[in-house]
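If you want the building blocks of each chain, they are given just below.
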Amino acid sequence: MNRRVFIGTLAGGLLAAPLAAEAQTSGRVIKLGILSTVNPRTTTFTEAMVKRLGELGHVEGQNLAIEFRNAQGDVTRLPALAAELVRLNVDVILASGPEVTLQAARKATATVPIL
């Protein structure tokens, strides 16, 4: 198993546990925000995570909405993109990429969980 698949599975599990409990009781759509320096839709990590979330009953377009924000390699865009995810009222932010991605997410919110 390569590192990205492992991390994707781990993150999916971490996301799914609290989301699964909430989805069973509320029936609402869970909003996942993904903040990245590259296109997260093309990474093995994202593919594995979305697949695992689907296996756990969280299907994109049904009870899961994923908001992707891509800095396109320009880390100076990360703070604005993180703030946008917070304004969209996502339930959790997944900061994917270098440490500066996580820092931008942390500066944007103190209330939204960040992975």
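The rules we used
- Residues numbered from 1 in each chain as written.
- Predicted model: local features only at pLDDT ≥ 70, side-chain atom pairs only at ≥ 80, totals over all residues.
- Heavy atoms only, no water.
- Helix = DSSP H or I, 4+ residues; strand = E, 2+ residues; numbered from the N terminus.
- Buried < 20%, exposed > 50% of the residue type's maximum accessible area, 1.4 Å probe, protein only.
- Contact = heavy atoms within 4.5 Å.
- Areas by Shrake-Rupley, 256 points an atom, 1.4 Å probe, with all protein chains shown as cover.
- Polar contact = N/O pair within 3.5 Å; in protein donor to acceptor, adjacent residues only side chain to side chain.

K.L.:
What's the story with the overall build of the protein chain in this structure? I'm lost.
P.N.:
The helix and strand tally for the protein chain stands at 4 helices and 3 strands. Ordering the α and β elements of the protein chain from the N terminus gives α-β-α-β-α-β-α. In the protein chain, buried positions account for 36% of the 115 residues. Once local pairs closer than 6 in sequence are excluded, the contacts in the protein chain between residues at least 24 apart make up 61%. As displayed, the protein chain offers around 6,300 Å² of accessible surface, 54% of which is attributable to carbon and sulfur atoms.

K.L.:
I keep staring at the side chain of Arg69 and nothing clicks. Help me out?
P.N.:
Within the element layout of this structure, Arg69 appears in strand 2 (residues 64–70). Owing to a relative accessible area of 14%, Arg69 belongs among the buried residues under this scheme. Within the local environment of Arg69, its side chain forms a polar contact with the side chain of Glu84, the two groups lying 2.9 Å apart. Those residues in contact with Arg69, other than ones at most four positions away along the chain, are Ile34, Leu35, Ser36, Leu81, Glu84, Leu85 and Leu88.

K.L.:
Honestly, the side chain of Ser36 in this entry has me stumped. Any pointers?
P.N.:
If you trace the backbone, Ser36 turns up in strand 1 (residues 30–36). A polar contact of 2.9 Å, which involves the side chain of Ser36, links it to the backbone oxygen of Val38. If we ignore the near neighbours within four places in the chain, the residues touching Ser36 are Arg69, Asn70, Ala71, Leu78, Ser96 and Thr101.

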